[in-house]
Amino acid sequence: MSEALLKKAARPLIVAATLIWGSTFFIMKDTLDDVDLMFLLAFRFTFAAVLLALVFWRRWKGIDPSYWWRGGLMGVFLFAAYAVQNYGLMDTTPGKNAFFTAVYCVIVPFLYWAVDRARPDRFNVLAAALCVAGIGFVSWDGGLAFTMGDALTLCGGFLFACHIVAVSKFSQGRDIFILTAIQFASTALCCWVGTLFTEGIPSGELPARAWWVLLYLAVAGTTLALLFQNVGQKYTDPSSAAVLLALEAPFGVAFSVLFAEEAPTPFMYLGFALIFVAVVCSETKFDFLRRARTPAES
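Predicted model only: the values in this text are computed from it and were never measured.

About the cut-offs
Residues numbered from 1 in each chain as written. Predicted model: local features only at pLDDT ≥ 70, side-chain atom pairs only at ≥ 80, totals over all residues. Heavy atoms only, no water. Phe/Tyr/Trp six-rings, centres within 6.5 Å; stacked < 30°, edge-to-face > 60°. Helix = DSSP H or I, 4+ residues; strand = E, 2+ residues; numbered from the N terminus. Buried < 20%, exposed > 50% of the residue type's maximum accessible area, 1.4 Å probe, protein only. Contact = heavy atoms within 4.5 Å. Disulfide = S-S within 2.5 Å. Polar contact = N/O pair within 3.5 Å; in protein donor to acceptor, adjacent residues only side chain to side chain. Core = buried A, V, L, I, M, F, W, Y, C linked by side-chain atoms within 4.5 Å. Salt bridge = Lys/Arg side-chain N within 4 Å of Asp/Glu carboxyl O.

Some points on the packing of aromatic side chains
Line of reasoning, step 1. For the coordinates displayed, the defined rule picks out 13 aromatic pairs.
Line of reasoning, step 2. Ring centres of Phe 39 and Phe 43 lie 6.4 Å apart, and the angle between their planes is 40°; on these two criteria the pair is classed as tilted. Here Phe 39 and its partner Phe 43 are both found in helix H2 (residues 37-55), four residues apart, which amounts to about one turn of the helix.
Line of reasoning, step 3. Given a relative accessible area of 17%, Phe 43 falls into the buried group.
Line of reasoning, step 4. With a centroid separation of 5.7 Å and 70° between ring planes, the pair formed by Tyr 82 and Phe 160 is classed as edge-to-face.

Structure, rendered in structure tokens:
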């Protein structure tokens, strides 16, 4: 695929990734009763690393040593973010988990500013604030108590912001397909080490449904979705990418409403509207409004 085509497809690929991730929430709900979290993550990323390495085997000839530390660090950030977020979920509600994870929308523009001296503009800041407010309404469950799970989830949100910035920094001038495969391998290695401490490797036979879920998570939720994210991020500024990635939360709620019989609320609709405005703000900076006023004023 040509560089020009990848640039045009960047933002749609990020949205496609969030759509896939949104579909994973309701199918994972019961799976963690049968499968330990560390084993689930280890299986996902091992399968994804092998699959991606085989599909793009011809590209391995052109890599240099920097690919290994770049992909390795990206994988460590991704492992830490997934692990901390999911352990936080065990002591909080799914809605609050989604909301507190979404703090990366606010963190990314300023973290990238600190790392690369790329100062966010007022539209980046406004879009991030609207996005977090929107996800807060979508995720609202009527509770305000702050638990250890909430604290862990906030840490997970910061780590996801670190991963987004790392992908943006380390992918420039590199083959994103090979870099993603190395990232998956690094994450998988961390997860397998994690199973040694959690005794997560199954001792008995898993239900057939659990294996189907694991395969879906490995192929769609990991290989495709994270590849789409990495490719999309390579050609999208980090602030815009963070707002687009936050679409995962409303997609997750939408799938739960459609397939898990979750009842939508007025707060959800308000949240969806705010997130939509945040995406428009991030992607257009409301330029169409300024253009519309100019002819009338002249």
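Brief notes about the environment of Trp 192
Line of reasoning, step 1. Its location among the elements puts Trp 192 in helix H8 (residues 176-198).
Line of reasoning, step 2. It is 9.9 Å that separates the C-alpha atoms of Trp 192 and Phe 45, two residues lying 147 residues apart in sequence.
Line of reasoning, step 3. Leaving out residues up to four positions away in the same chain, Trp 192 has contacts with Phe 39, Ala 42, Thr 46 and Ile 201.

So, the state of the cysteines
Line of reasoning, step 1. Under the definition given, this model contains zero disulfides.
Line of reasoning, step 2. Here Cys 191 stays unpaired: no disulfide links it, and the sulfur of Cys 190, its closest cysteine neighbor, is 6.8 Å away.
Line of reasoning, step 3. Classification of Cys 191 by relative accessible area gives buried; the value is 0%.

Thoughts on the side chain of Thr 195
Line of reasoning, step 1. Turning to its location among the elements, Thr 195 is positioned in helix H8.
Line of reasoning, step 2. Polar side-chain contacts of Thr 195 include one of 2.5 Å to the backbone oxygen of Trp 192.
Line of reasoning, step 3. Once residues within four sequence positions are removed from consideration, Thr 195 is found in contact with Met 38, Phe 39, Gly 200 and Ile 201.

Things to note about the nonpolar core
Line of reasoning, step 1. Within the largest apolar cluster, 90 residues are counted, with the highest numbers of intra-cluster contacts made by Phe 45, Tyr 82, Tyr 104 and Val 231.
Line of reasoning, step 2. By residue number, the principal contributor to this core is H2, which donates eleven residues.
Line of reasoning, step 3. Ignoring anything within four residues of it in the chain, the contact list for Val 231 reads Leu 6, Leu 13, Ile 176 and Phe 177.

Notes on the pattern of salt bridges
Line of reasoning, step 1. Taken as a whole and assessed by the stated rule, the structure comprises three salt bridges.
Line of reasoning, step 2. For the salt bridge of Asp 237 with Arg 11, the shortest nitrogen-to-oxygen distance reads 3.9 Å. Of this pair, Asp 237 sits in the loop between helix H9 (208-234) and helix H10 (238-245) while Arg 11 sits in helix H1 (residues 3-28), and the two are 226 residues apart along the sequence.
Line of reasoning, step 3. By relative accessible area, Asp 237 is classed as partly exposed at 35%.
Line of reasoning, step 4. For Lys 169, the salt bridge goes to Asp 116, with nearest N and O atoms at 2.8 Å. Note that Lys 169 is positioned in helix H7 (residues 148-170) and Asp 116 in helix H5 (residues 104-116), a separation of 53 residues in sequence.

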